[in-house]
Amino acid sequence: MSDDIQEAFERTRAAGIIAAGALDEVVKIIKPGITTNQIDSLCYEFINDNGACSAPLFYRGFPKSCCTSPNHTICHGIPGNKTLIDGDIINVDVTSFKNGWHGDTSRMFYVGEVSIKAQKLIEVTYGSMMKAIKILNKKTSLGDIGSTIQTYVEKEGFSVVRDFCGHGIGKKFHQEPNILHYGKKGTGPKLKPGMIFTVEPMINEGKYEAKMLNDGWTAVTKDKKLSAQFEHTVGITETGYEIFTLSKKELNHPPYSV
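Here's a quick rundown of the structure. This one's a predicted model, so the numbers in the text were calculated from it and none came from an experiment. (Residues numbered from 1 in each chain as written. Predicted model: local features only at pLDDT ≥ 70, side-chain atom pairs only at ≥ 80, totals over all residues. Heavy atoms only, no water.)

**Remarks on the overall build of the protein chain**
A count of helical and extended segments in the protein chain gives 4 helices and 15 strands. Taken over the C-alpha trace, the protein chain has a radius of gyration of 17 Å; the compact-globule value for 258 residues is 18 Å, and the two agree within 12%. Seen along its three principal axes, the alpha-carbon backbone of the protein chain occupies a region of about 50 × 45 × 35 Å. The proportion of buried residues among the 258 residues of the protein chain is 54%. (Helix = DSSP H or I, 4+ residues; strand = E, 2+ residues; numbered from the N terminus. Rg over C-alpha atoms; globule rule 2.2 N^0.38 Å. Buried < 20%, exposed > 50% of the residue type's maximum accessible area, 1.4 Å probe, protein only.)

Right, dumping it as structure tokens:
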């Protein structure tokens, strides 16, 4: 790879490690009785203590350092005074900005004892992301990513959210290409070494339709059934791919062993 690509990968790797580390810290505090504001404070402090900034904070007016999306919230939930209760599930989405580059990742968390259906939804969501990542190489088309996710998810009886997608990332938080999580195999442009983007499927227990709340950020399922999401930042290499946001403590999906 060229020097420019190597530098991009090194800087994304550094930012990704911090973002993943923030979610490792969240594992330690997730339990019934905490507020989403407490999660936000922890992420803000961890990212800053590690020499980075929180990219979501003030991005297009977003007021917090991470997104907290419980239960039927699909994405972009704003942390606040909401207290988590036993049986909740929640996605925490963080992006660190270090030395001019971004690392973006999210994970699902159990709050206490969660239902079997919630566990399956989370398992399938994580599995869909990893199945898509594992096919990545310079011969993969963008349509292959969406097709892989959609085929697996729908076979398991769930649905793929259409209104949001993954995205290119680097010096800018969001850039081309858009990474759809549904689609037709073999369609769209081929991936190229040096590309950096997110894979972040949002999977619903019920139908895929979403609606926006009045805050202008929070997206929820129309049918009020559960939603789950995982996200990694990845880069395309000459021989395959690299995941920049893996947990160093191997805390990549629940149930987490602390």
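After that view, the rundown keeps rolling.
**Re the sheet that holds strand E13 (residues 227-229)**
In space, the 3 strands of this open sheet follow the order E6-E10-E13, with antiparallel pairing throughout. The open sheet terminates on both sides in strands that have one partner only, identified here as strand E6 (159-160) and E13. Bridge count between E6 and strand E10 (residues 202-204): 2 bridges; the pairing is antiparallel. Bridge assignment links Val160 to a residue of E10, and that residue is Ile203. The sheet strands contacting helix H3 (residues 116-134) are E10 and E13, and the helix crosses E13 at an angle near 35°. (Pairing = 2+ DSSP bridges. Contact = heavy atoms within 4.5 Å. Axes fitted to C-alpha atoms, helices over the stretch in contact; angles between N-to-C directions.)

**Things to note about helix H4 (residues 142-155)**
Relative to the 20 Å expected for 14 residues at 1.5 Å per residue, H4 spans 21 Å between its end C-alpha atoms, a close match to the ideal helical length. In terms of burial, H4 is largely enclosed, as 10 of its 14 residues are buried. The complete set of buried residues in H4 reads Leu142, Gly143, Asp144, Ile145, Gly146, Ser147, Ile149, Gln150, Tyr152 and Val153. Packing partners of the buried residues in H4 comprise H3, E6, strand E8 (175-179), strand E9 (196-199) and E10. Of the residues flanking the end of H4, it is Gly157, one or two places downstream, whose phi is positive at about 90°. (Expected span 1.5 Å × (residues − 1).)

**Describing the packing of aromatic side chains**
One pass over the full model with this rule turns up 5 aromatic pairs. Plain terms: the ring middles of Tyr59 and Phe173 are 4.8 Å apart, the flat faces sit at 55° to each other, and that makes the pair tilted. In this pair, Tyr59 is assigned in the loop between strand E1 (53-54) and strand E2 (67-70) and Phe173 in the loop between strand E7 (166-168) and E8, connecting sequence segments 114 residues apart. Assessed through its relative accessible area of 22%, Tyr59 is described here as partly exposed. Seen in terms of ring centroids, Tyr126 and Phe230 are 5.1 Å apart; in terms of plane orientation they differ by 70°. Their pairing is edge-to-face. Highlighted residues: Tyr126 in helix H3 and Phe230 in the loop between E13 and strand E14 (232-236), separated in sequence by 104 residues. A single burial state applies to Tyr126 and to Phe230, both of which are buried. (Phe/Tyr/Trp six-rings, centres within 6.5 Å; stacked < 30°, edge-to-face > 60°.)

**Concerning unusual backbone geometry**
A cis amide bond links Glu176 to the next residue, Pro177, at an omega of 0°. Positive phi is not limited to glycine here, since Asn99 has a value of about 50°. Topologically, Asn99 is positioned in the loop between strand E4 (89-98) and strand E5 (101-110). A positive phi is found at Lys224, a non-glycine position, where the angle reads about 65°.

**Observations regarding the packing of helix H1 (residues 3-29) against helix H2 (residues 36-49)**
Put simply, H1 and H2 touch, their axes get as near as 9 Å, and they point 140° apart. By the angle between their directions, the pair H1 and H2 is classed as oblique. Seen from above, H1 lies across H2 with right-handed handedness. Contact residues: H1 offers Ile18, Gly21, Ala22, Glu25, Val26 and Ile29, while H2 offers Gln38, Ile39, Leu42, Cys43, Phe46 and Ile47. (Parallel < 35°, antiparallel > 145°, perpendicular 65-115°, else oblique. Left-handed = near helix turned anticlockwise from the far one by under 90°.)

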